[in-house]
Amino acid sequence: MADPIIQIKDATVRFNLDAQRHKSLPEHLRGFLKRGSRFQEFFALKGVSLTVNRGESWGIIGRNGSGKSTLLKLVTGILQPYTGTVAVSGTVAPLLELGAGFDDELTGRENIMMNGLILGMTKKQVMDSFDDIVSFSELEQFLDVPVRNYSSGMRARLGFAVATCARADILISDEVLSTGDKVFQKKCEERMQDLLSGGTTLLFVSHSADAVLRVCDRAMWLDDGKSVMTGSAQDVVDAYLNRN
Amino acid sequence: MNRWLTAVRLTVKNGIRYIPLLQNLIARELKKKYRRSVLGYVWCVLNPLLVMLIMTVVFSRMFRYDIPNFPVYLFAGRMMFSFVTDCSGGVMKSIVMNGPLMRKTRIPYYVFPLASTGSAVVNFGFHLIAFAIVLIFTGTPVSWHVIAFPAVCLEMFLFSFGFGLLLAVCNVYVRDTDYIYAVFTTAWLYLTPLFYPLALLPDTLRAVVTNLNPAYFFVEMSRDVFLAHQWPSGGMLLRGAAVSAVFLAIGLFAYSKAKKNLILYI
Ligand SMILES: Nc1ncnc2c1ncn2[C@@H]1O[C@H](COP(=O)(O)OP(=O)(O)OP(=O)(O)O)[C@@H](O)[C@H]1O
Ligand SMILES: [Mg+2]
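Calculation notes
Residues numbered from 1 in each chain as written. Chains lettered and ligands numbered in written order. Predicted model: local features only at pLDDT ≥ 70, side-chain atom pairs only at ≥ 80, totals over all residues. Heavy atoms only, no water. Helix = DSSP H or I, 4+ residues; strand = E, 2+ residues; numbered from the N terminus. Rg over C-alpha atoms; globule rule 2.2 N^0.38 Å. Buried < 20%, exposed > 50% of the residue type's maximum accessible area, 1.4 Å probe, protein only. Areas by Shrake-Rupley, 256 points an atom, 1.4 Å probe, with all protein chains shown as cover. Contact = heavy atoms within 4.5 Å. Near = heavy atom within 4 Å. Polar contact = N/O pair within 3.5 Å; in protein donor to acceptor, adjacent residues only side chain to side chain. Nonpolar A, V, L, I, M, F, W, Y, C, P; charged D, E, K, R; others polar. Pairing = 2+ DSSP bridges. Axes fitted to C-alpha atoms, helices over the stretch in contact; angles between N-to-C directions. Right-handed = clockwise from strand over helix to strand, strands pointing away. Disulfide = S-S within 2.5 Å. Expected span 1.5 Å × (residues − 1). Buried area = accessible area lost by both parts, 1.4 Å probe. Salt bridge = Lys/Arg side-chain N within 4 Å of Asp/Glu carboxyl O.

### A look at the overall build of chain A
Turning to step 1, where the next piece is worked out: Helix and strand counts for chain A stand at 9 helices and 9 strands.
Turning to step 2, where the next piece is worked out: Rg of the C-alpha trace for chain A: 19 Å, near the compact-globule value of 18 Å for 244 residues, within the 12% margin.
Turning to step 3, where the next piece is worked out: Referenced to the eigenvectors of the C-alpha coordinate spread, the extents of chain A come out at roughly 60 × 45 × 35 Å.
Turning to step 4, where the next piece is worked out: Expressed as a percentage of the 244 residues in chain A, the buried residues total 51%.
Turning to step 5, where the next piece is worked out: Carbon and sulfur atoms make up 50% of the accessible area of chain A, which totals about 11400 Å².

### Quick look at the overall build of chain B
Turning to step 1, where the next piece is worked out: The helix and strand tally for chain B stands at 11 helices and 0 strands.
Turning to step 2, where the next piece is worked out: Going from N to C terminus, chain B has its helices and strands arranged as α-α-α-α-α-α-α-α-α-α-α.
Turning to step 3, where the next piece is worked out: Against the globule reference of 18 Å for 266 residues, chain B gives a C-alpha radius of gyration of 20 Å, in line with a compact fold.
Turning to step 4, where the next piece is worked out: Dimensions of chain B, computed from the C-alpha atoms along their principal axes, are close to 55 × 45 × 35 Å.
Turning to step 5, where the next piece is worked out: Counting the 266 residues in chain B, one finds 49% classified as buried.
Turning to step 6, where the next piece is worked out: Residue pairs at least 24 apart in sequence account for 77% of intrachain contacts in chain B once pairs closer than 6 positions are excluded.
Turning to step 7, where the next piece is worked out: Summed over all atoms, the accessible surface of chain B reaches about 13300 Å², with 70% contributed by carbon and sulfur.

### Description of the site of ligand 1
Residues and elements named next belong to chain A.
Turning to step 1, where the next piece is worked out: Within the structure, ligand 1 sits among 15 residues, and N64, G65, K68, S69 and T70 are positioned closest to it.
Turning to step 2, where the next piece is worked out: Within the side chain of K68, one N or O atom sits 2.6 Å away from an oxygen atom of ligand 1.
Turning to step 3, where the next piece is worked out: Take the shell around ligand 1: its biggest share by element is 3 residues, from helix α3 (residues 68-76).
Turning to step 4, where the next piece is worked out: Across the shell around ligand 1, the residue classes tally to 4 nonpolar, 8 polar and 3 charged.

### Notes on the sheet that holds strand β5 (residues 92-95) of chain A
In a beta sheet, neighbouring strands are held together by backbone hydrogen bonds and run either parallel or antiparallel to one another.
Residue and element names in this part refer to chain A.
Turning to step 1, where the next piece is worked out: Taken in spatial order, the 6 strands of this open sheet run β5-β6-β7-β3-β8-β9, and their pairing is mixed. The open sheet has two edge strands with one neighbour each: β5 and β9 (226-232). When the angles between neighbouring strand axes are averaged without regard to direction, this sheet yields 15°.
Turning to step 2, where the next piece is worked out: Looking at chain direction, β5 and strand β6 (residues 170-174) are connected through 4 bridges and run parallel. When the bridges of β6 are listed, V92 appears paired with I170.
Turning to step 3, where the next piece is worked out: Where helix α6 (residues 152-165) meets the sheet, it contacts β5 and β6, and its direction lies at approximately 170° from that of β5.
Turning to step 4, where the next piece is worked out: Sheet strands touched by helix α9 (residues 233-241): β3 (57-62), β8 (218-223) and β9. Its angle to β9, the strand with the most contacts, is close to 135°.

### A few points about the environment of L49 of chain B
Turning to step 1, where the next piece is worked out: As for its placement among the helices and strands, L49 of chain B is situated in helix α3 (residues 42-61).
Turning to step 2, where the next piece is worked out: Linking L49 of chain B and I129 of chain B, residues 80 residues apart in sequence, is a C-alpha distance of 9.8 Å.

### Quick word on the pairing of strand β7 (residues 201-205) of chain A
Residues and elements named next belong to chain A.
Turning to step 1, where the next piece is worked out: Buried residues dominate β7, accounting for 5 of its 5 residues.
Turning to step 2, where the next piece is worked out: Burial along β7 is two-sided: T201, L203 and V205 and L202 and F204, pointing in opposite directions, are all buried.
Turning to step 3, where the next piece is worked out: Pairing analysis gives 5 bridges linking β6 to β7, with the strands arranged parallel. Paired with I170 across the strands is T201, a residue of β7.
Turning to step 4, where the next piece is worked out: Considered for its hand, the β-α-β crossover made up of β6, helix α7 (residues 182-197) and β7 is right-handed.

### Considering the state of the cysteines
Turning to step 1, where the next piece is worked out: Applying the stated criterion across every chain yields a total of 0 disulfides over all chains.
Turning to step 2, where the next piece is worked out: Summary of cysteine pairing: C87 of chain B is not part of a disulfide, and the nearest cysteine sulfur, belonging to C153 of chain B, is at 12 Å.

### As for helix α6 (residues 111-137) of chain B
Turning to step 1, where the next piece is worked out: With 27 residues, α6 of chain B should cover 39 Å at 1.5 Å per step; its first-to-last C-alpha distance of 39 Å lies within 8% of that length.
Turning to step 2, where the next piece is worked out: G139 of chain B lies just past α6 of chain B and shows a positive phi near 65°.

### Remarks on the interface of chain B and chain A
The accessible area lost on association of the parts is a frequent measure of interface size.
Turning to step 1, where the next piece is worked out: Residue-level contacts link 27 residues of chain B with 33 residues of chain A.
Turning to step 2, where the next piece is worked out: Where chain B abuts chain A, roughly 2500 Å² becomes buried across the two surfaces, and 57% of that area is made up of carbon and sulfur atoms.
Turning to step 3, where the next piece is worked out: Of all residues in chain B, N24, K104 and L264 of chain B bury the most surface against chain A, accounting for 23% of the area lost on that side.
Turning to step 4, where the next piece is worked out: The tally of links from chain B across to chain A stands at 3 salt bridges.
Turning to step 5, where the next piece is worked out: With its nearest N and O atoms 3.3 Å apart, the salt bridge here joins K31 of chain B to E110 of chain A.
Turning to step 6, where the next piece is worked out: Put simply, chain B and chain A have 4 residue pairs in polar contact (both at pLDDT 80 or more) between them.
Turning to step 7, where the next piece is worked out: Elements with a contribution of two residues or more to the side of chain B that touches chain A: α2 (19-34), α5 (99-104) and α11 (234-265) of chain B.
Turning to step 8, where the next piece is worked out: In terms of residues, the side of chain B that touches chain A owes the most to one element, α2 of chain B, which gives 8 residues.
Turning to step 9, where the next piece is worked out: Here the residues of the side of chain B that touches chain A sort into 14 nonpolar, 3 polar and 10 charged.

### Some points on the sheet that holds strand β4 (residues 83-88) of chain A
Residues and elements named next belong to chain A.
Turning to step 1, where the next piece is worked out: Across the sheet, 3 strands lie side by side as β2-β1-β4; this open sheet has antiparallel pairing. Of all the strands in the sheet, just β2 (41-53) and β4 have a single pairing partner and so form its edges. On average, adjacent strands in this sheet sit at an angle of 20° to one another, irrespective of strand direction.
Turning to step 2, where the next piece is worked out: Judged from the 9 bridges that link them, strand β1 (residues 4-16) and β2 form a sheet pairing that is antiparallel. Bridge pairing links R14 to F43 in β2.
Turning to step 3, where the next piece is worked out: α3 rests against β1, β2 and β4 of the sheet, and its axis sits at about 120° to β1.

Quick look at the structure:
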């Protein structure tokens, strides 16, 4: 029965805060001379382990900055663990933090193609799902408008529609629904349920406990880069809401 | 060695999957450049023609260098030189520019430098069309030596890609690379005999330019083919091959060393 599709073992993610600062050449030189100060490390995840079986839907909850998005990037393969291992045996369709890497200058139509290709679909697959994507995102009127003129909810719709049509083994959703209106949120949750019953695995980050309970059967609570609790969605959400 | 071969095979196998994306990215760069103009893609051909026209007027009236068939001399040189600087400059910016995409999706980073090179090559094609127009209007005959030109172009493409890739990696770590490069290309422009004859340079400088200025290798070979109607000299072809091999190797090496950490500096 258990068929692990994602296995994260004791994963640590290290960022170099120094690298994120905008530095000029003189600062670089100074940093280079005073070797010690060059590396200012920060651990966004500290020894997190998680095993996800095929077809499960996991909610990931925790406060701002607790490492939820970082965990999803690890699974997507955007980040590599500093220590520990991450093994993913399947294709991933990531929807990370508002908008799936759309190009502002391109129209909705062009972005659908671009995004589909990025998600690993073939041109034909994108064309075949095109009508579905358009009708689901309800953007018929705006297809030939540059995405820069879309509202954030409209971007989220389009991103969600493309990602769910990619038919990946694992769907990753990071607070994507938060900008959509109630009707659209409901529609998305139904789409996710459909995918789940079709065998897709789901990783779902949300600050809405209700949404997590509706969509997920398992959950993980992250705090300060550490896993506090994993278990059934109900237990973990209860514990999270009753923390002091 | 074996491990290395497997890595190459895997990269190629993976890379094939991304060819449609690559085409799409190339089309994107061209589209974005001309979308909002009335004449659109006509500019791709018109722009180099007009620039050449102005430069021809300026340099044949103000300075008298006595270069036979100056429009072709100028255009051939400028076409090659601007490919080298546009392509390497575009590749340099490609990784930093696509940072937002790299942070949200998982595609091999090398598609961005490749796409940038691809769009520079397409642009070069437009320059060739403009060049053909110049050849027709100046009544310059074309000899069968042009069959050597693709080889010259290939060397130039590889060199520009490799050089650009090296710059792209530097640019991720030190964003000043961009500005330094802008200054560098200005010096490079004047050190390449585009609108003046090579003979104008003092002896030492001339030796430096003919032996150490890669852009000049390609400029001179294009003039051999189109203006002098002769084969590119073996020495130049060899220099072109050497410089493209060396920079391609350095660029790929820098990229492969840095790729794991790039995301942390984007
Ligand atoms: N590229 C980076 N460089 C440095 N630090 C980073 C980087 N990305 C994330 N962090 C840090 O890692 C920590 C976790 O960030 P993460 O985005 O995973 O939080 P989150 O749980 O998704 O929060 P939110 O609920 O606000 O989305 C934060 O403290 C953040 O500042
Ligand atoms: Mg987040």
